[in-house]
Amino acid sequence: VSMNVRFVDTSTSLSATNTSPFVGQEVVFTARVSSSQNAQLAGQTIQFRSRASSFTSIFTTLGTAVTDANGVATFRHTFTSAQTPQVFGQILAAGALAGSSSSAVNMNVRSVSFTTSLTAGATSAAVGQAVTFTARVTASQTAQLSGQTVRFQSRVSSPSLVVTTLGTAITDANGVATFRHTFTAAQSPQVFAEFIPSGTTPLATSSPVSLTIAKATASITV
């Protein structure tokens, strides 16, 4: 008796809760497996993979998930850099089931943009008198703002390209960093703050604050 034992054909579809997330924002991928034959769809392993674009054959495995009684597998992923990947869900062949891959879900993972503002406790001071600077960092999306580094810099005038680093400070839970500095010479500097984020996000520089540092005056009483 000649037998023709066939694999059970399957098809896989994939969807995402958000195809334009920001870096650090979680995305939930849902893969759904179906079959034209009566097959066991529960307990099947779905592999979630990504590639940089349709022009490359290099795939990165993001992770796996197991289907429920309805053939649905849910996978959560957070991208750590800005990119435009294609994501696929593929059922791994097991038993009588033939493996199948979904169509690509095109993603656009965007950088979180930051802005920095700067204020000074006083815009005029004498040499040797401490000035308190307060930098406030905000983000276009929910982001970790505490524990970040802010660099405080000065230059003599706006056309000058010579920049001097005064020091750094760490932001608190509200994205605020406070820095105290004492100028040792009379000058008219412009001070600005730079937020230094991690990853590929560019620097976020504040507008300058113009200061006038005058010579300290002395008086003699006889």
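Nothing here was measured: the structure is a model prediction, and the numbers come from that model.

### Observations concerning the confidence of the model for the chain
For the chain, mean pLDDT is 87; residues scoring 70 or higher make up 89% of the total. Confidence scores differ between elements of the chain, with strand E7 (residues 100–101) showing the lowest mean pLDDT of 86 and strand E8 (residues 105–106) the highest of 97.

### Remarks on the side chain of Ser50
When you line up the elements, Ser50 lands in strand E3 (residues 45–51). If near-sequence neighbours (up to four positions away) are discounted, Ser50 is found in contact with Ile58, Phe59, Thr60, Leu62, Pro85, Gln86 and Val87.

### What about the packing of aromatic side chains?
A complete count under the given rule lists 4 aromatic pairs for this structure. Where Phe48 meets Phe75, the ring centres are 4.9 Å apart and the plane angle is 15°; that geometry is what we call stacked. Of this pair, Phe48 sits in strand E3 while Phe75 sits in strand E5 (residues 72–78), and the two are 27 residues apart along the sequence. Each member of the pair, Phe48 as well as Phe75, carries the same accessibility label: buried. Aromatic side chains Phe59 and Phe88 sit 5.6 Å apart centroid to centroid with 70° between the ring planes, which places their arrangement in the edge-to-face category.

### Quick notes on the sheet that holds strand E1 (residues 10–16)
Neighbouring strands of a sheet are bound in pairs by backbone hydrogen bonds; such pairs are parallel or else antiparallel. With antiparallel pairing, 3 strands are arranged side by side in an open sheet as E1-E2-E5. Every other strand in the sheet has two partners, leaving E1 and E5 as the edge strands with one partner each. Between one strand axis and the next, the sheet turns by 20° as a mean value, whatever way the strands run. Here E1 runs beside strand E2 (residues 26–35); their pairing, made up of 7 bridges, is antiparallel. Across the sheet, residue Thr10 finds its bridge partner in E2, namely Ser35.

About the criteria used
- Residues numbered from 1 in each chain as written.
- Predicted model: local features only at pLDDT ≥ 70, side-chain atom pairs only at ≥ 80, totals over all residues.
- Heavy atoms only, no water.
- pLDDT = per-residue confidence, 0-100.
- Helix = DSSP H or I, 4+ residues; strand = E, 2+ residues; numbered from the N terminus.
- Contact = heavy atoms within 4.5 Å.
- Phe/Tyr/Trp six-rings, centres within 6.5 Å; stacked < 30°, edge-to-face > 60°.
- Buried < 20%, exposed > 50% of the residue type's maximum accessible area, 1.4 Å probe, protein only.
- Pairing = 2+ DSSP bridges.
- Axes fitted to C-alpha atoms, helices over the stretch in contact; angles between N-to-C directions.

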